[in-house]
Every structure is written in C-alpha cells, then in structure tokens.
Amino acid sequence: CEQSSYTDSNSRSLESSRGVGWGYTRVPDSDHVASTIMDTAPLPPACSYLETVGNTPMVKLDRCVPAASKQATILCKLEMQNPGGSLKDRIALNMIEEAEARGDITPGKTTIIDFTSGNTGIGYAMVAAAKGYKCIVIMPKVRPMLERYLICRQFGAEVHLFNPSLGAPGALKYVKDQLAANPHYWWPNQLGNPDNPAVHERTTGPEIWKQAGGAVDYFIHGIGTGGCVAGVGKYLKSVNPKCRVIALEPTEARVHTGASPKPHGVVGWAPGVHSQFLDGFGKAPEELSDAPRGVVDEWGHVATSEAVATCLQVTSAEGMMVGPSSGAAIKYAFDVAARPEAKGSTIVVVLPSHGIRYVAHPLWAAVNAEANEALPPGEAPCSDKEQPILLWASEEYKKA
C-alpha cells in the first residue's frame, strides 16, 4: 500500500495508507496464503485519547456492489472508527476547542448544552469527560435514542428528552430557555456554528482526497447539520472543480427541495429545518427546488425502507455493519455508479457510524424479535443438567 504522511492541526505527524488506514503492508502468512491481516509498518506515536479523532480508514466496496454498479469504484470513509464512534466526534471536539481558544468556556466552570439526534451528543459527552466539563445532551424521546442515552450517561453527561412532536424548534426553545436561566451554560450550536463545516474542510476533505489517490469524481453524503457536505464539498471542489457533490435527504422529508418534513427512520438526517451551511437557508419552501445551488450539484433522496434494506445487504455481503444513514448513502452510491456517465469514476461515501449503535432501530427488528425468543427477559438460566446440551439454534427459529 502506498504510504503518505502529513501533519494535522495539532501538529501530530501521522502515517496513513491509501485504503487501509495506518501504514500497513500485506504479506503472506506462514502457510503461504495471502493474509488479510496487515503486517505493521510505521505506526503513529502514543498520544492523548482525543488526538485519535480523525484520520479514519477508507475501504473499497466489493461483494455488496450490484453488477451494474461495478463499472465505478465506490470508496467508503469509515467514520465509525473515531474514538466516540462517529463522524460527529470531529465537530464536537473542534467546536469545543475553538471556543476554548477564544476564551468562551472553561473546564470545571462551563456546562455544555445542545440538542442532537444522538451522535453529536455522544461526541460532546466524550470530549466533556476528557476535558472536565459538565454536559447536558438534549435528544428526542423516541426509542431509537436508547443506545445514545446509555452512552451519554455512561460518559457522565446528563440527558434531557424533549417532545419529538415539537421537532427542532421545540428543542431550540428549550435550549434557549436553559441558557437564559444559567449564565455558565454554553451552546455549541452544531446547526449554525461555522466551526462545524470548518473542521471538515480542514481535515475530512483532505483525508478523503489523499486516501482516494487524488481522484474523487463524486462525493455523496446525507444532510444532518449540513456541515460535512459543505466543508468536504468546498475542499474537494477546490482541488477538483469537476467533482460532483450530492447531498441526500430522506424521501419522506425533502426539506432542501421545498417539501414539508414528515417522519422517517434515517436517524441523523433531516432535523426538519434547512441547513444553515448550504445555499437556500432562509428561503421560503416555494423558492427551493432540486436544481444545483452552492456547493451542491445534486439533491438526492433515499426512502427509509431502502436505507434499511441496504444496511442488511452491506452487513451480510461485505461484513461491514452500518447504520441507516450509511445504508442510505451507499444505496444512492449504487444508483450513481450504474449511470452510463459514471463508468470508470471514483465515488466517495462517508459512513458516519457503526450499525451496532442502532439496536433499538427498526433496522434490528427481526433479529431483536428472535433474540427475545432465544433469551427471554427475566428467564432464569437452566439449572437442570438432564436437559440437552443444545437449548437453542437460530436455524430452527428461522425455519419456524
């Protein structure tokens, strides 16, 4: 694998390798069979935990790619390998450290508070624990937030659950009420803080460009805050003006093309408001369309059902467990890759988080039902040694 090195904003000299993360070299094992496990080349030096944010691996999709889409190369940036488990670690850390540099916040004195669909909240909670801040994470009171609730609490953050029927405006009102009543509270404002897209322009974009070997024809990503689309899109267009940036929304909530938001299951996308980082913010819905504007060349959409189906396809065929927003982006990448004009092109997709973070999501409904049959809640372990050795086989459940 071709080696490259660079220095990030904290002046850490890092070694990276195209396609596999840190610099590794493939060697035969003792049985003369090519081994997938890499023999280590130079590794990054020991550092603080927060310095491991960023510099995530990139992989090429293979077995899960439909035949018609194999004419293009689809590369995936594995942001679930950040220490807090998602792409949002980047913005949480950057917004907090930029605020520290400005003197806006102080460990032991400031309480960080913001609303989130979960992953940014985990990033806040992780950074707050590492730096000595109190933290309040506000998220909707819906079952898919279960894992996020648990993780934030385990980091020591407080969690406030808001009425999901009120959407982002209701959460925003709650945050502002808390800020007014508590002078030591600080709101990072992930939806409007310029330090959000800035970190993607400074780190995520350059990483993608280097790992893809300086050839990115399409960049596909879903709109949550819009910071990654804006920041990475701006960087990639600066090095390749012909790069097409495709911003995705759930089919059920195409706010950026003027539609009204409706419930959907692509967690992390479409908070119900137009991104402040993308052209069109502040315009009336009737003024918006799917025509190119700003950094975005194409406004795509994927239905929740398609996202879930693609997650399962990628997990079973590629051995790569991804969440709903990743599945949705990969589904759209398959569609783009099959277009005649995409032949020979390189398509990059960011995978924000790991599928294990969505066990309470309908994505896991079938296997959750099976697991509850296999391991009923409250059931005492079998203590009868006369019972057979095998008490359950998943194959038999599937037959039934």
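Remember, it's a predicted structure, so these values are computed and weren't measured experimentally. (Residues numbered from 1 in each chain as written. Predicted model: local features only at pLDDT ≥ 70, side-chain atom pairs only at ≥ 80, totals over all residues. Heavy atoms only, no water.)

Section: the state of the cysteines
As enumerated under the stated definition, the model contains zero disulfides in all. With no disulfide of its own, C228 has C243 as its nearest cysteine by sulfur position, at a separation of 12 Å. Exposure remark for C228: the relative accessible area of 4% places this residue in the buried category. Lacking any disulfide linkage, C311 is separated from the closest cysteine sulfur, that of C64, by 11 Å. (Disulfide = S-S within 2.5 Å. Buried < 20%, exposed > 50% of the residue type's maximum accessible area, 1.4 Å probe, protein only.)

Looking at a nonpolar patch on the surface
A cluster of nonpolar side chains, contributed by Y149, L150 and L161, occupies part of the molecular surface with about 270 Å² of accessible area. One can find L150 in helix 3 (residues 146–154). Take L150: its relative accessible area is 51%, and that puts it in the exposed class. (Patch = residues over 30% accessible without salt bridge, like charges linked within 9 Å, V, L, I, M, F, W, Y side chains within 5 Å. Areas by Shrake-Rupley, 256 points an atom, 1.4 Å probe, with all protein chains shown as cover. Salt bridge = Lys/Arg side-chain N within 4 Å of Asp/Glu carboxyl O. Helix = DSSP H or I, 4+ residues; strand = E, 2+ residues; numbered from the N terminus.)

Looking at the confidence of the model for the protein chain
In the predicted model, the protein chain carries a mean pLDDT of 89, and 90% of its residues have values of at least 70. The low-confidence segment residues 1–30, where pLDDT is below 50, has 78 contacts with residues more than four positions distant or belonging to other chains. (pLDDT = per-residue confidence, 0-100. Contact = heavy atoms within 4.5 Å.)

With respect to helix 8 (residues 324–337)
A turn of α-helix holds 3.6 residues, and therefore any two residues three or four places apart point the same way. Taking 1.5 Å of rise per residue, 14 residues should cover 20 Å, and helix 8 covers 20 Å from first to last C-alpha, within 8% of that figure. Burial within helix 8 is extensive, with 13 of its 14 residues counted as buried. (Expected span 1.5 Å × (residues − 1).)

Points about the sheet that holds strand 12 (residues 244–250)
Whether parallel or antiparallel, the strands of a sheet pair through hydrogen bonds between backbone atoms. On the basis of which strands lie adjacent, the open sheet formed by six strands has the order 5-6-14-11-12-13 and mixed pairing. Lying at the two open borders of the sheet, with one neighbouring strand each, are strand 5 (58–60) and strand 13 (298–302). Adjacent strand axes in the sheet meet at a mean angle of 25°, parallel and antiparallel pairs treated alike. Note: strand 11 (residues 218–222) against strand 14 (residues 346–351), three bridges, orientation parallel. Paired with Y218 across the two strands is I347, which belongs to strand 14. Strands in contact with helix 5 (residues 195–211) are strand 5, strand 6 (73–78), strand 11 and strand 14; relative to strand 6, the strand with the most contacts, it is inclined by about 140°. Those strands touched by helix 8 are strand 6, strand 11, strand 12, strand 13 and strand 14, and its axis lies near 170° from that of strand 14. (Pairing = 2+ DSSP bridges. Axes fitted to C-alpha atoms, helices over the stretch in contact; angles between N-to-C directions.)

A short note on the sheet that holds strand 8 (residues 134–140)
Read across the sheet, four strands follow the order 9-8-7-10 without closing on themselves; strand pairing throughout is parallel. In this open sheet, the two strands that pair with only one neighbour each are strand 9 (158–162) and strand 10 (185–186). As defined by bridge partners, strand 8 adjoins strand 9 across five bridges and the pair is classed as parallel. Residue pairing across strands places I138 opposite H160, the latter belonging to strand 9. Of the strands in this sheet, strand 7 (111–115) and strand 8 touch helix 2 (residues 119–131), which is tilted by about 170° from strand 8. Against the sheet, helix 3 contacts strand 8 and strand 9, and its axis sits at roughly 150° relative to strand 9.

Some thoughts on the nonpolar core
Across soluble globular proteins, nonpolar side chains show a tendency to be buried alongside one another. Judged by nonpolar contacts, the single largest core of 66 residues is most densely connected at L61, I74, I220, I347 and L351. Each residue touching I220, except ones within four places of it in the same chain, is listed here: I246, L248, A329, Y332, A333, V336, I347, V348, V349 and V350. Judged by nonpolar contacts, the second largest core, of 25 residues, contains V216, V229, A230 and C243. (Core = buried A, V, L, I, M, F, W, Y, C linked by side-chain atoms within 4.5 Å.)

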